[in-house]
Amino acid sequence: MSAALDLEDVRKVYRAGEGEVVALSHATLQVGEDEIVALLGPSGSGKTTLLSIAGGLLAATAGRVLVGGRDISGATPGELTRFRREQVGFVFQAVNLVPFLTARENLLVVDEIGGRRKGPESRARADRLLEELGLAHRAGNLPGQLSGGERQRVAIGRALMNEPRLVLVDEPTSALDTRTGTQVMELIRTEVKGRGTAAVIVTHDTRMTRWADRTLHIDDGVLSAVPAAGPEGGDAEA
Amino acid sequence: MTLAWREVRRARLRFGLLAGAVGLLIFLVLFVQGLTDDLVTQFVGAVRNQDAPVLVYGADARRNLEGSQITPAQAAAVARVPGVAESGPLGEGTFTMRAGGALVDAVLIGVDAGGPGLPATLVAGRLPEADGEAVASDRDRGDGFDVGDVVRVEPGGAPIRIVGRARDINYSVSPTLFTTFPTYEAARRIRNPDARAVNPSAIAVRPEAGVDPAALAARIDDEVEGVEALTRQQAADEAPGVSAVQQSFTVVNLLFYIAIPLVTGLFFIIVTLQKAGALTLLRAIGAPASVLVRALLVQVGGVLAAGAALAVVLLVAADALLGATGASVGVDLSARTVVVTLVIVVVLSLLTALAAVRRILAIDPIRATTGAGVSA
Ligand SMILES: Nc1ncnc2c1ncn2[C@@H]1O[C@H](COP(=O)(O)OP(=O)(O)OP(=O)(O)O)[C@@H](O)[C@H]1O
Ligand SMILES: [Mg+2]
């Protein structure tokens, strides 16, 4: 069985004015077909960078990126757009919903921008996802009329809409209180596991890692299975 | 498509205001154009819609029938120019007439019965065949100038019977009659009983088959002393006042023309900037830029279509209002003018919308990961 995500010695260097920032150095990572990996690390450690590269939003400076066995390292922008549309489900750190679309329409838009499903099929899937996420009664609300937790749940539904091979979730709970955050994590696990989809979930909150099959630590762009020495990474599973 | 309409539905007021503004501007463009055309037609319709392809004026008249005179010698010389198939006198003058019980200032144009210079746009009745008969402008039918009506040149002129109506044959924005030259001559004598001979204001010329009117006009200019020969088109377009009217209205219209695409272009740039976050998100989750561009163009098209529809409704209403208030001007618009105007407006607006398209194409989907798209 090929891995859902396979990063081989990936390096990312940002050029910032005169200097350089090494956001990822020699990152190697495999995520199995239905595995949930938590990526834990302090702010600025390179978590979003890793997700962006895995999701075809950002080109690595060096190394190979395979999703479902396919190398996307040399893909054209057009191919990457299609790849994101068909293979990846994103939940971003900041903006996740189109403000002038209702919860339901935010799911439907995934098919309207060129997805595989047609009208009735698409609507049926959106309604089923909203139901599972406990949002059926909120389907007609605009994002501005939803709570933070509800918005995050809509974003999860949106990310699952295209039946992705790989779900990439960036800080799903950072803006939520602990109880809501726990609910959201539970939902992500249920939904992802129920579909046999792989997921990488970024967080800097150690309490959230218990929903993952495996936790990886990242510090200063370096991945490791154990927390790096230091005040920030040392208190896992406290 | 769906994306575009959903957004419009959520921001009905905003898009409605834009469509309203565009509609109003298109209306103004067409209205001014219609007024100009109507005014020009009322100024020189008689020249434009008479059937002589060439008109010969006195050289000092500066293309104004009112001040033009042709001597018998000049008339004879014109008739002898090679290429002239037929020529006849054309007299023009403004007279006080009694029509429908009221006194009005009206223009009388006298030409040879059956000769060149008669109206080419007859809509009812027939052309004058005998002295004392006239064709009136269709526009004045309600003011005592309908077929069967009888009018008189005051004071004490012989009756002139209206035997036909023709479309758009007014001159100098006055009620206008085409009659025989002797009838015109008689009217002149009422005003000036001592006149020895009444000279025509111009000579109406029909070229021989295959002779180009412009070339013939040039030849007449060369061969006949003291006259200026003009094609029908020139005579209408270069009549005093007409070009001035057209120029000033053209300037006004140009401003409106520019305003429409500017307003639309600016609106869509602002809207695109405001939703940069959403557009970035959509690009990040795999929307091709072409899908977003198409949504924008659908919105531009929708706004223009709604604006155009509104403009047409306003035009019809304005025309009805002008008609109801008995205003002396109306909106004279051909379907062609409307279509050409709309095409220009749509093309210019799409051009300015390209600025917004460029914004969309410049979106970098990576910014969705940082939320930077929101403020960009
Ligand atoms: N476009 C960029 N240009 C230059 N440097 C960048 C750019 N994007 C990120 N960086 C730098 O790369 C490093 C990793 O950034 P990244 O966004 O991946 O961190 P993160 O782990 O997601 O942080 P956070 O938890 O705050 O979201 C940081 O030092 C950051 O300043
Ligand atoms: Mg981040």
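Worth saying up front: this structure is predicted, and the values here are computed from it rather than measured.

About the thresholds
- Residue indices begin from 1 for each chain and proceed along its sequence in written order.
- The lettering of chains begins at A and the numbering of ligands begins at 1, in the order of writing.
- Restriction of local features to residues with pLDDT of at least 70 applies here, the model being predicted, together with a cutoff of 80 or more for giving and counting side-chain atom pairs; totals for whole chains, interfaces and linings are based on all residues.
- As a rule here, side-chain values cover all heavy atoms of the structure and leave hydrogens and water aside.
- Here a strand is any run of E in DSSP of at least two residues, a helix any run of H or I of at least four, and the numbering for each starts at the N terminus.
- Between the two quantities, the radius of gyration covers C-alpha atoms and the globule rule is 2.2 Å times the number of residues to the power 0.38.
- Remark: exposure states derive from per-residue accessible area (1.4 Å probe, protein chains only) relative to the maximum for the residue type, with buried under 20%, exposed over 50%, and partly exposed in between.
- Residue contacts are counted whenever heavy atoms from the two residues lie within 4.5 Å of one another.
- When charges are counted, Lys and Arg contribute as positive and Asp and Glu as negative, whereas His and the chain ends are disregarded.
- For the purpose of locating charges, the reference atoms are NZ of Lys, CZ of Arg, CG of Asp and CD of Glu.
- By this definition, two strands are paired if DSSP reports at least two bridges between them.
- The axes used here are C-alpha line fits, helices contributing only the stretch in contact, and every angle between their N-to-C directions lies in the interval 0 to 180 degrees.
- Listed donors are limited to N, O and S atoms within 2.8 Å of the metal, widened to 3.2 Å for Na, K and Ca; water is not among them, so incomplete-looking sites are possible.
- Counted as salt bridges are all cases of a side-chain nitrogen of Lys or Arg within 4 Å of a carboxyl oxygen of Asp or Glu.
- Polar contact is defined as a pair of N or O atoms within 3.5 Å, subject to the rule that within protein one atom must be able to donate a hydrogen and the other to accept it, and that residues adjacent in sequence are counted only when both atoms are side-chain atoms.
- Residues are classed as near a molecule or strand on a simple rule: at least one heavy atom within 4 Å of it.
- Surface accessibility in these figures is a Shrake-Rupley result with a 1.4 Å probe; residues are shielded only by whichever protein chains are displayed.
- Amino acids are sorted into nonpolar (Ala, Val, Leu, Ile, Met, Phe, Trp, Tyr, Cys and Pro), charged (Asp, Glu, Lys and Arg) and polar (every other residue, Gly among them).
- Values of pLDDT, which run from 0 to 100, indicate the predictor's confidence residue by residue.
- For patch detection, residues must exceed 30% relative accessible area and be free of salt bridges, and they are connected within 9 Å for like charges or within 5 Å for nonpolar side chains (Val, Leu, Ile, Met, Phe, Trp, Tyr).
- Any residue with an atom within 4 Å of a point lines the site, the site being either a cavity, points on a 1 Å grid over the protein atoms alone where a 1.4 Å probe fits but cannot get out, or a pocket, an open set with protein on both sides within 12 Å along at least 5 of 7 lines.
- Grid points are joined across faces, edges and corners, and a volume is the space filled by probe spheres set on the points.

Asker: Help me understand the overall build of chain B, please; the structure alone is not making it clear to me.
Answerer: Looking only at helices and strands, one finds 10 helices and 10 strands in chain B. Taking 21 Å as the expected radius of gyration for a compact globule of 376 residues, we find that chain B reaches 29 Å, considerably beyond that expectation. Based on the C-alpha atoms only, the size of chain B along its principal axes is roughly 95 × 50 × 30 Å. Within the span of chain B, comprising 376 residues, buried residues form 49% of the whole. Restricting to contacts in chain B with at least 6 residues of sequence separation, those with at least 24 account for 78%. Charge-centre separation for chain B: the mean point of 31 positive side chains lies 16 Å from the mean point of 34 negative side chains.

Asker: Got a minute to help me understand the sheet that holds strand β1 (residues 5-16) of chain A in this structure?
Answerer: Whether parallel or antiparallel, the strands of a sheet pair through hydrogen bonds between backbone atoms. Residues and elements named next belong to chain A. The 4 strands lie next to each other as β2-β1-β4-β5, forming an open sheet whose pairing is antiparallel. Each end of this open sheet is capped by a strand with a single partner; those strands are β2 (19-31) and β5 (70-71). The sheet contacts of helix α1 (residues 47-54) involve β1, β2 and β4 (62-67), and relative to β1 the element is tilted by about 120°.

Asker: Where do I start with the coordination of the magnesium ion (ligand 2) in this structure?
Answerer: Octahedral six-donor coordination of a metal ideally yields angles of 90 or 180 degrees, compared with 109.5 degrees for tetrahedral four-donor coordination. All names here are of chain A. Within the protein, T48 (OG1) and Q93 (OE1) serve as the donor atoms for the magnesium ion (ligand 2), at 1.9 to 2.5 Å. Of this pair, T48 sits in helix α1 while Q93 sits in the loop between β6 (88-91) and α3 (103-112), and the two are 45 residues apart along the sequence. Residue Q93 is classed as partly exposed on the basis of its relative accessible area of 37%.

Asker: For this particular structure, what's the right way to read the sheet that holds strand β3 (residues 36-40) of chain A?
Answerer: Residue and element names in this part refer to chain A. Judged by pairing direction, the sheet is mixed, and its 6 strands sit side by side in the order β6-β7-β8-β3-β9-β10 without closing on themselves. Among the strands making up the open sheet, the edge pair consists of β6 and β10 (222-224). Between one strand axis and the next, the sheet turns by 20° as a mean value, whatever way the strands run. Taken together, the 5 bridges between β3 and strand β8 (residues 198-203) define a ladder with parallel strand orientation. Across the sheet, residue A38 finds its bridge partner in β8, namely I201. Here α1 sits on the sheet and contacts β3, β7 (166-170), β8, β9 (214-219) and β10; the angle it forms with β7, its principal contact strand, is near 155°. Contacting β6 and β7, helix α5 (residues 148-160) crosses the sheet at an angle of about 165° to β6.

Asker: What should I look at first to understand the pattern of salt bridges in this one?
Answerer: When charged atoms on two side chains of opposite charge get close, those side chains can pair. According to the stated counting rule, one finds 30 salt bridges over all chains in the structure shown. The salt bridge involving E129 of chain B is made with R126 of chain B; its shortest N-O contact spans 3.5 Å. Through salt bridges that share partners, E105 and E112 of chain A together with R6, R9 and R10 of chain B make up one connected network.

Asker: In this structure, what is going on with the side chain of T183 of chain B? I would like to understand it.
Answerer: Residues and elements named next belong to chain B. Here T183 is to be found in helix α4 (residues 181-191). Within the local environment of T183, its side chain forms a polar contact with the side chain of T180, the two groups lying 2.5 Å apart. Among residues more than four places away in sequence, those in contact with T183 are D131, G132 and I160.

Asker: Quick question: what am I supposed to make of α1 of chain A here?
Answerer: Note: α-helices contain 3.6 residues per turn, so residues at a spacing of three or four share the same orientation. All names here are of chain A. For α1, a buried count of 8 out of 8 residues is recorded, marking the element as mostly surrounded by other parts of the structure. Here α1 has its buried residues at K47, T48, T49, L50, L51, S52, I53 and A54. Directly beyond the C-terminal end of α1, a positive phi value near 75° is found at G56.

Asker: When you look at the environment of R152 of chain B in this model, what are you seeing that I'm missing?
Answerer: All names here are of chain B. Mapped onto the fold, R152 is located in strand β6 (residues 150-153). Relative accessible area serves as the criterion here: at 38%, R152 is assigned to the partly exposed category. Separated by 54 residues in sequence, R152 and R98 have C-alpha atoms that sit 5.4 Å apart. In contact with R152, other than residues within four places in its own chain, are T96, M97, R98, G157, A158 and P159. In terms of polar contacts, R152 uses its side chain to reach the backbone carbonyl oxygen of G157, at 3.4 Å.

Asker: Which parts of the structure should I look at to understand the site of ligand 1?
Answerer: All names here are of chain A. The environment of ligand 1 is formed by 13 residues, the closest being S43, G44, K47, T48 and T49. Between K47 and ligand 1, the recorded distance is 2.7 Å, taken from a side-chain N or O atom to an oxygen atom. Summarising the interface, the protein chains cover 64% of the accessible area of ligand 1, which totals 640 Å² for the free molecule. Broken down by element, the shell around ligand 1 gets its largest block of residues, 3 residues, from α1. Among the residues making up the shell around ligand 1, the classes are represented as 4 nonpolar, 7 polar and 2 charged.

Asker: Can you help me understand the confidence of the model for chain A in this one?
Answerer: Any segment with low pLDDT has predicted coordinates that should not be analysed in fine detail. This prediction gives chain A a mean pLDDT of 87; 95% of its residues lie at or above 70. Long-range and interchain partners of residues 232-238 of chain A, a stretch whose pLDDT sits below 50, account for 8 contacts in this model, where long-range means more than four residues apart.

Asker: Teacher, can you tell me more about a nonpolar patch on the surface here?
Answerer: All names here are of chain B. Among the surface-exposed residues, V339, V340, V343, I344, V347, L348, L351 and L354 lie close enough to one another that they form a single nonpolar patch of about 630 Å² accessible area. Within the secondary structure layout, V347 lies in helix α10 (residues 335-361). With a relative accessible area of 44%, V347 lands in the partly exposed category.

Asker: I'm lost on empty space enclosed by the protein in this one. Help?
Answerer: Gaps left between atoms show up when a probe the size of a water molecule is rolled over them. Following the criterion strictly, the structure yields 4 cavities of 30 Å³ or more and no others. Size it by volume and the largest cavity reaches roughly 70 Å³. In terms of lining, the largest cavity is formed by F100 of chain A together with L3, A4, E7, T272, K275, L279, L292, A295, L296, Q299 and I360 of chain B. When residues of the lining of the largest cavity are traced back to their parent elements, those giving at least two are α1 (2-10) and α9 (289-324) of chain B. The greatest single-element share of the lining of the largest cavity, amounting to 4 residues, is contributed by α9 of chain B. Per-class residue counts for the lining of the largest cavity are 8 nonpolar, 2 polar and 2 charged.

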